[in-house]
Amino acid sequence: MGNGELPSSTQRVRKAIDITLGAAVMGTVGALIGFLIGHHAVPVGTAVGILLGTAVGMFGGRRFLVSILIGSTLGGALAWLLAGFDKISYGAGAGAAMGGFLGVQVSMLLDMRTERKRQAAQVDSNT
């Protein structure tokens, strides 16, 4: 795509899905944070979350967003089981933060593994 060619329709659809997923996940997290701060902060938290999620989606952060979604779901479920219904939002927020952190680390490791395999294949083809 570096020489001026337009992205294919599949790439455009994939980017639109990434942006939508980013806005939905991060907007939800922003709304939860706004809810914890106070009901007056929900619109601001949601707006900031949607903006950040759109940016992450534009850069193709699908693994990151999915890890946040999984962390939020598991954190909320664990908080519900351990502390009751009132603490679901706390658990979901903590789970989203941990999921995001772990998602970045896993993504980095997967990218390093892919690069190592590519270099090994390149060395094998040169010999």
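Our structure's up above, just so we're on the same page.
From a predicted model like this one, the values you see are computed outputs, not experimental measurements. (Residues numbered from 1 in each chain as written. Predicted model: local features only at pLDDT ≥ 70, side-chain atom pairs only at ≥ 80, totals over all residues. Heavy atoms only, no water.)

**Student:** Teacher, can you tell me more about the pattern of salt bridges here?
**Tutor:** A side chain of one charge can pair with a side chain of the opposite charge when the charged atoms of the two come close. On inspection of all chains with the given rule, the structure shows three salt bridges. Between Glu115 and Arg118 there is a salt bridge, and its shortest N-O distance comes to 2.4 Å. Here the residue Glu115 and the residue Arg118 both occupy positions in helix H4 (residues 88–126), the gap between them amounting to three residues, near one helical turn. Glu115 gets classed as partly exposed once you look at its relative accessible area, which sits at 33%. Look at Arg118 and you get partly exposed, because its relative accessible area is 43%. (Salt bridge = Lys/Arg side-chain N within 4 Å of Asp/Glu carboxyl O. Helix = DSSP H or I, 4+ residues; strand = E, 2+ residues; numbered from the N terminus. Buried < 20%, exposed > 50% of the residue type's maximum accessible area, 1.4 Å probe, protein only.)

**Student:** I would appreciate a short explanation of a nonpolar patch on the surface in the present structure.
**Tutor:** The grouping of Phe35, Leu36 and Tyr90 at the surface amounts to a nonpolar patch, some 310 Å² of accessible area in total. Here Phe35 shows up in helix H1 (residues 9–37). Its relative accessible area of 44% is what places Phe35 among the partly exposed residues. (Patch = residues over 30% accessible without salt bridge, like charges linked within 9 Å, V, L, I, M, F, W, Y side chains within 5 Å. Areas by Shrake-Rupley, 256 points an atom, 1.4 Å probe, with all protein chains shown as cover.)

**Student:** So what exactly am I meant to see when it comes to the environment of Val42 here?
**Tutor:** By the element assignment, Val42 lies in helix H2 (residues 42–58). With relative accessibility at 24%, the residue Val42 sits in the partly exposed group. Sequence spacing of Val42 and Thr28 is 14 residues, and the spatial spacing of their C-alpha atoms is 9.9 Å. Here Val42 is in contact with Ala31, Gly34 and Phe35, once residues within four sequence places are set aside. (Contact = heavy atoms within 4.5 Å.)

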